[in-house]
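# Survey of secondary and tertiary structure
Now for the letters of each chain:
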Amino acid sequence: MAGLDLKDIHKRFGPVTAVQNVDLHIPHGRFVCFLGPSGCGKTTLLRLIAGLEQPTAGRVLLEDQDITFQPAHQRNFGMVFQSLALFPHLTVGENIAYSLRIRKKSAADCRRRVEALLDLVRLPGYAGRAVAQLSGGQRQRVAIARALAIEPRLFLLDEPLSALDAKLREDMQLELRMLQQRLGITTILVTHDQREAMTMSDLIVVMGTDNQVHQMGSPLEIYRHPADTFVADFIGTSNLLKGVCGGGRQVAVSGRTLNVETLPAGVTTGTEVSISVRPEDISVVAGVREGENHLQGRVAFVRDVGSSVEIYLDCNGFQIVSQSTPKSRPAVRQGDAATAVLPPSACVVLGA
Amino acid sequence: MIAAKPKGLAAHLPILYPAATLAVFFVIPFGIMLAVSFFQREPGGFYTTEFSIDNYANLFTALFGRVLAFSIFISAFCAALCVAAGFPFTYFVTRMRRRAQVVWLVVLVSVLSLSAVIVAFAWSIMLSQTAGVSNLLVWLGLMDQAVSWSPGFWALTCGMCYIAFPYTVLVLYPPLSRLDPHLPEAAQTLGASPVKTFFTVVVGSLRSAIVATLIMVFAFTLGTYLIPQILGRPQHWTLSVLITDEAIYRSNLPFAAAMSVFFMAVSLALVGLTMLAGKGRGPAER
């Protein structure tokens, strides 16, 4: 298969396990995000791919070639570090041309390539500047240009945007994604920001605090069909209701019964499960209503931030959050009796 | 970073104490020495306060020139050796685990507690014919008979480098331990082998620290006068030996002062040139 394959990767640092049981296939030309909370091993996994660490067990294959123990400097990958790691003693142009000079390219070739790359990252004419004279966003672009100078086989980014302020970060996300699409280069980005991962990637690999991969899929797939409670909770906000599977497509939750559309394999009557429902799928109506998947409760809090309205509903033992637009805002206030309606298609059943 | 220059007496108070110390212990003694260098020697006595530039005129002899050149050469040579060995050494120490780093630094600092006398005599015994290292080499079958390596040029080099090496490491340690570990890694992902990484990125980004260390070790070894007398032959005696000799044994303070002032001027000029050369290239010098 064309692309990058990780086969049963394990990495331990002394007694500490950084990564375990990782089996992944990353198709050629895609933008992939490793997403997870801090300490989940996503950066270690990226460093294993870059060749800066060797796995304790397992293999790394690129286009079916085993590169597990190939030294980093022979891999022809481009990497952008969290600290950017621009060489402080070199100018912008010398930084970008570093990999070309190592490969003994002529001065004229280097100059042409540097100019082309500076155009690409929209910093034309900056070749002679010192790194210390640049702003954070400009350094970012230089680090990207430097990593792309040799037309790398893989483009690796280790939380490169985390040091930027929110506005600039969002701009850079779009820019980086469009750059990747234009170049068609296989790219792996490590991030703990799920919004960033959703914005940029073709595929998201969600890693958990147990240092394993929980789910890999397109952003919408992961959002709509989380594989387990960890993914449902980590990606966006989710209402997680604990319950027990009754007969058929029904789940008992705190003495009430919810209808669902599908049950995961292996779930039978009596199995403990969790139901994940996204806030925007839940509608709230004023007053006490009866019907399918209607949960009655009392409005605990209304968070109106202008662009959206969140309603927190206390339903005897658990809380439900619903999100709606200002136009479809239900006429309820704090303390009112209200009913949440959960469409069966939006109730995703997960193994507890 | 200090944003504004301090104004008024109160703001200057904290700097008065170090300034006074500097004046009392360095500026005034140097002023006295500068003055003495223009005085006349009184044979058999001290000196008279008559202005004369004879002391400086007397400097221009073949002997003085030769000793000055040798002093500068041996100090520069030892500084280069110490930095060439000390820089990679310190780099590897800073990459070690914390505990191992502490052990290495404690060993180095404990070397500093040895006085130059002990170091010089220890080396002279180690390099001697009767009890030296060459006996070990004979025993191992690497040499036919024991020889004496001390006194001599290389014995002197060993002794001076031994004294200067811990300082070299201690001066290089802070900038090297502050080096972003991602810099060498970035160089490797860009295709540089570990050796190339070391020279292009580690050495390159710390060039100003290396120049500063060279200057420090150079200035430090210029002042040694005991080691050359024990580990060197008369032709290896440095200007410091000559100055001590003149001042203490021949009681010619004005001439010793003139030599010192001239020596200092030459050294400062050399240091200035080195700093200029170090600053010439590279955009990111601070």
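Residues numbered from 1 in each chain as written. Chains lettered and ligands numbered in written order. Predicted model: local features only at pLDDT ≥ 70, side-chain atom pairs only at ≥ 80, totals over all residues.

Attention shifts here to the sheet that holds strand 2 (residues 16-27) of chain A. Residues and elements named next belong to chain A. Taken together, four strands build an open sheet; the order of strands is 2-1-4-5 and the sheet is antiparallel. Unpaired on one side and paired on the other, strand 2 and strand 5 (65-66) mark the two borders of the sheet. In this sheet, strand 5 lies alongside strand 4 (residues 57-62) in antiparallel orientation, the contact comprising two bridges. What sits directly across from Leu62, in strand 5, is Gln65. (Pairing = 2+ DSSP bridges. Helix = DSSP H or I, 4+ residues; strand = E, 2+ residues; numbered from the N terminus.)

What follows concerns unusual backbone geometry. Residue and element names in this part refer to chain A. Phi at Leu84 is positive, roughly 70 degrees, even though this residue is not glycine. Along the chain, the position of Leu84 falls in the loop between strand 6 (78-80) and helix 2 (92-102). Judged by local crowding, Leu84 falls into the buried class, with 21 C-beta atoms found within 10 Å. (Buried ≥ 20, exposed ≤ 12 C-beta atoms within 10 Å, placed from the backbone.)

Atom-level detail of predicted coordinates should not be read off regions where pLDDT is low. All names here are of chain B. Residue-level pLDDT values for chain B average 86, and 94% of them are 70 or greater. Scored below 50 in pLDDT, residues 282-286 shows 11 contacts in the model against residues more than four places distant or in partner chains. The complex model carries a pTM of 0.78, and its ipTM stands at 0.80. (pLDDT = per-residue confidence, 0-100. Contact = placed C-beta atoms within 7 Å.)

Looking now at the sheet that holds strand 8 (residues 187-191) of chain A. Residue and element names in this part refer to chain A. Taking strand neighbours across the sheet as the criterion, the six strands line up as 6-7-8-3-9-10 in an open arrangement whose pairing is mixed. The open sheet terminates on both sides in strands that have one partner only, identified here as strand 6 and strand 10 (213-217). When the angles between neighbouring strand axes are averaged without regard to direction, this sheet yields 15 degrees. (Axes fitted to C-alpha atoms, helices over the stretch in contact; angles between N-to-C directions.)

Right, let's get into the packing of helix 2 of chain A against helix 3 (residues 107-120) of chain A. Residues and elements named next belong to chain A. Where helix 2 contacts helix 3, the axes come no closer than 9 Å and their chain directions differ by 125 degrees. On the basis of the axis angle, helix 2 is oblique to helix 3. For the element pair helix 2 and helix 3, the recorded crossing hand is right-handed. Residues Gly93, Ile96, Ala97, Leu100 and Arg101 of helix 2 lie in contact with helix 3, whose contacting residues are Asp109, Cys110, Arg113, Val114 and Leu117. For the contact of helix 2 with helix 3, the per-class residue count stands at six nonpolar, one polar and three charged. (Parallel < 35°, antiparallel > 145°, perpendicular 65-115°, else oblique. Left-handed = near helix turned anticlockwise from the far one by under 90°. Nonpolar A, V, L, I, M, F, W, Y, C, P; charged D, E, K, R; others polar.)

A few words on the interface of chain A and chain B. Chain A puts 21 residues into the contact, and the matching count from chain B is 19 residues. Of all the elements, helix 2 of chain A adds the most residues to the side of chain A that touches chain B, at three residues. Of the residues assigned to the side of chain A that touches chain B, the class counts are 15 nonpolar, five polar and one charged.

It is worth spelling out the pairing of strand 18 (residues 319-324) of chain A at this point. Residue and element names in this part refer to chain A. Inspection of the sheet shows strand 17 (residues 309-314) paired to strand 18 by six bridges, in the antiparallel sense. By the bridge assignment for strand 18, Leu313 is matched with Ile320. The antiparallel pairing of strand 17 with strand 18 creates a hairpin that spans four residues between the two strands, and Asn316 there sits at a positive phi of about 50 degrees.

The next subject is the environment of Leu220 of chain A. Along the polypeptide, Leu220 of chain A turns up in helix 7 (residues 219-224). In this structure, the C-alpha to C-alpha distance between Leu220 of chain A and Leu24 of chain A, residues 196 residues apart in sequence, is 19 Å.

Okay, the environment of Ile235 of chain A next. Residue and element names in this part refer to chain A. You can see Ile235 is positioned in the loop between helix 8 (229-234) and strand 11 (239-245). Separated by 212 residues in the primary sequence, Ile235 and Asp23 have C-alpha atoms spaced 21 Å apart. For Ile235, the contacting residues outside a window of four places in its chain are Gln194, Val206, Ile222, Tyr223 and Pro226.

A word on the nonpolar core. Residue and element names in this part refer to chain A. The biggest cluster of nonpolar side chains holds 103 residues, and the ones touching the most others in it are Ile49, Leu156, Val205 and Ile275. With six residues, helix 4 (residues 136-148) is the largest single contributor of residues to this core. If you count residues domain by domain, this core takes at least three from each of domain 1 (3-229) and domain 2 (238-351). Apart from residues lying up to four places away in sequence, Ile49 is in contact with Leu4, Val60, Leu154, Leu156 and Ile188. (Core = buried A, V, L, I, M, F, W, Y, C linked by C-beta atoms within 7 Å. Domains from an automatic or database assignment.)

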